[in-house]
Amino acid sequence: MTPRVVVTIAGSDSGGGAGIQADLKTFAALGVYGVSVITAITAQNTLGVTGIHPVPAESVAAQLDAVLSDFDVAAVKVGMIGDPAIVTVIAERAADLPNLVVDPVLVATAGSRLGDVDVVRGLTAYAEILTPNRHEAGALVGRAIETAGEMAEAAAEIGQSGARAVAVTGSEVALDVLWCEGRLIELHGEPVKTENNHGSGCTFSSAIAVRLALGDTIPDAVVTAKDYVAGALRGGSEWRLGAGPGPLNHFWQF
């Protein structure tokens with residue numbers, strides 16, 4: 001049986017824990033065929049980001065056009081943008097980007113700035129779902145987000161920008177809040193005790209894209225993605241890869 005095709009438009013993580021690398025691992029683990037469009041090359045490891053090198057928008061456009069001209073794409077995940085001009089590249093092709101999941105990558109786990117709020121806002125109107133963590137949601141609405149109620153308010157406010165759904169994640173307490181077409185849903189889970197959480201946001205958004213490609217509704221896709229990330233966190237909790245926060249075990253089910 002031919003697998004569904006899912007595209008990741010994101011930055012490369014030389015440490016392999018997040019970005020393009022995490023996305024492709026997630027796609028493979030969940031049974032779809034992953035193709036990629038690289039927006040930036042980062043020099044990073046578990047201790048942080050030491051360099052960011054944006055890929056020119058023309059090159060991103062060429063990569064995306066090559067993919068779209070040859071593959072029957074079922075879903076698209078957008079992560080780190082890099083060059084603001086890439087928003088235009090994506091917007092011009094939005095009609096050919098089904099099930100568009102936008103992960104507003106603004107800050108790396110280790111604290112390095114990776115994105116610009118205004119750039120991310122330029123994509124919200126095209127998204128099927130946005131997946132900010134509570135810090136990124138706070139940046140998007142311009143205030144700190146701490147409580148479940150504040151997460152819900154932020155999700156609804158961001159949702160007014162045009163996205164069909166917004167999932168604000170709070171991985172520290174395993175609480176996510178989903179706003180979907182005007183309805184708010186709290187998703188509770190069991191916190192996983194681990195420092196190895198690098199790439200958890202990328203993995204979550206990629207898993208949602210996979211499930212949408214396979215025909216799930218948005219709420220079902222978010223619930224399944226949440227369960228998958230929890231398993232990946234547990235599966236890699238004892239790993240000692242690098243001196244800082246390590247990656248998830250994307251293949252924990254095997």
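Residues numbered from 1 in each chain as written. Predicted model: local features only at pLDDT ≥ 70, side-chain atom pairs only at ≥ 80, totals over all residues. Heavy atoms only, no water.

## Some remarks on the overall build of the chain
For clarity, the threshold we go by: In this text, helices come from DSSP runs of H or I with a minimum length of four residues, and strands from runs of E with a minimum of two, each type numbered from the N-terminal end. Our radius of gyration looks at C-alpha atoms and nothing else; its globule reference is 2.2 Å times the residue count to the power 0.38. Throughout this description, buried means an accessible area under 20% of the type-specific maximum (1.4 Å probe, protein chains only), exposed means over 50%, and partly exposed covers the range between. Any pair of residues with heavy atoms lying within 4.5 Å of one another is described as a contacting pair.
Looking only at helices and strands, the chain features eight helices and nine strands. Compactness check: the chain gives a C-alpha radius of gyration of 16 Å against a globular reference of 18 Å for 254 residues, within 12% of the reference. Reported as C-alpha extents along the three principal axes, the dimensions of the chain are approximately 45 × 40 × 40 Å. Split into buried and exposed, the 254 residues of the chain put 55% on the buried side. When contacts within the chain are restricted to residue pairs at least 6 apart in sequence, those whose partners lie at least 24 apart make up 66%.

## Side note on helix H8 (residues 218-235)
How we decide: One less than the number of residues in a helix, times 1.5 Å, gives the span that helix is expected to have. Whenever two N or O atoms come within 3.5 Å, that pair is a polar contact, provided that in protein one can donate a hydrogen and the other can accept it, and provided that, for residues adjacent in sequence, both atoms are side-chain atoms.
Across its 18 residues, H8 extends 25 Å between first and last C-alpha, which sits within 8% of the 26 Å expected from 1.5 Å per residue. Among all positions in H8, only Ile218, Ala221, Val222, Ala225, Lys226, Tyr228, Val229, Ala230, Gly231, Ala232 and Leu233 are buried. Where H8 is buried, its residues contact helix H1 (19-29), strand S6 (129-130), strand S7 (165-170), strand S8 (175-180), strand S9 (183-188) and helix H7 (200-213). For H8, the N-terminal cap is Thr217; the gap from its side-chain oxygen to the backbone nitrogen of Asp220 is 3.3 Å.

## A short note on the nonpolar core
Proteins that are soluble and globular tend to have nonpolar side chains buried together. Note the cut-off: Throughout this description, the term nonpolar core refers to a set of buried Ala, Val, Leu, Ile, Met, Phe, Trp, Tyr and Cys residues connected via side-chain atoms within 4.5 Å.
Counting residues in hydrophobic clusters, the biggest one holds 45 residues, and the most contacted among them are Val7, Ile9, Val76, Val78, Ile81, Ile90 and Val166. Membership of the second largest hydrophobic core comes to 30 residues, among which are Ala74, Ala75, Ala209 and Ala221.

## Notes on the packing of aromatic side chains
Stated formally: Here is the rule: rings of Phe, Tyr and Trp (six-membered ring for Trp) pair when centre to centre is within 6.5 Å. Planes less than 30 degrees apart are stacked, more than 60 are edge-to-face, and the remainder are tilted.
Taken as a whole, this structure holds three aromatic pairs when the rule is applied. An angle of 35 degrees between the planes, with centres 6.3 Å apart, marks the rings of Tyr228 and Trp252 as tilted. Placement of the pair is Tyr228 in helix H8 and Trp252 in the segment after H8, with a sequence separation of 24 residues. Take Tyr228: its relative accessible area is 4%, and that puts it in the buried class. Taking 6.3 Å as the distance between ring centres and 50 degrees as the angle between the ring planes, the aromatic pair formed by Phe251 and Phe254 counts as tilted. Classification of Phe251 by relative accessible area gives partly exposed; the value is 38%.

## Topic: the packing of helix H2 (residues 57-70) against helix H3 (residues 85-92)
Rule in force here: To get an axis, fit a line to the C-alpha atoms, keeping to the stretch in contact for a helix; angles then go from 0 to 180 degrees between the N-to-C directions. Angles are sorted into four bins: roughly parallel if under 35 degrees, roughly antiparallel if over 145, roughly perpendicular if 65 to 115, and oblique for all others. A clockwise turn of the near helix away from the far one marks a right-handed crossing, whereas an anticlockwise turn of less than a right angle marks a left-handed crossing. Any residue outside Ala, Val, Leu, Ile, Met, Phe, Trp, Tyr, Cys, Pro, Asp, Glu, Lys and Arg is labelled polar, Gly included; the first ten of those are nonpolar and the last four are charged.
In the contact formed by H2 and H3, the axes pass within 9 Å of each other and the chain directions differ by 25 degrees. Classified by the interaxial angle, the pair formed by H2 and H3 is roughly parallel. The chirality of how H2 crosses H3 is right-handed. Residues Ala57, Val60, Ala61 and Leu64 of H2 form the contact with H3, whose own contacting residues are Ala85, Ile86 and Val89. Broken down by class, the residue content of the contact of H2 with H3 amounts to seven nonpolar, no polar and no charged.

## Let's talk about the sheet that holds strand S3 (residues 48-54)
Heads up, the condition is: At least two DSSP bridges between two strands are required for those strands to pair.
Strand order across the open sheet formed by nine strands is S3-S2-S1-S4-S5-S6-S7-S8-S9, with mixed pairing between neighbours. Lying at the two open borders of the sheet, with one neighbouring strand each, are S3 and S9. Pairing of strand S5 (residues 100-102) with S6 involves two bridges; the strand directions are parallel. Residue pairing for S6: Val102 is matched across the bridge by Leu130. Packed on one face of the sheet, H1 meets strand S1 (5-13), strand S2 (33-45) and strand S4 (73-78) and runs near 150 degrees to S1.

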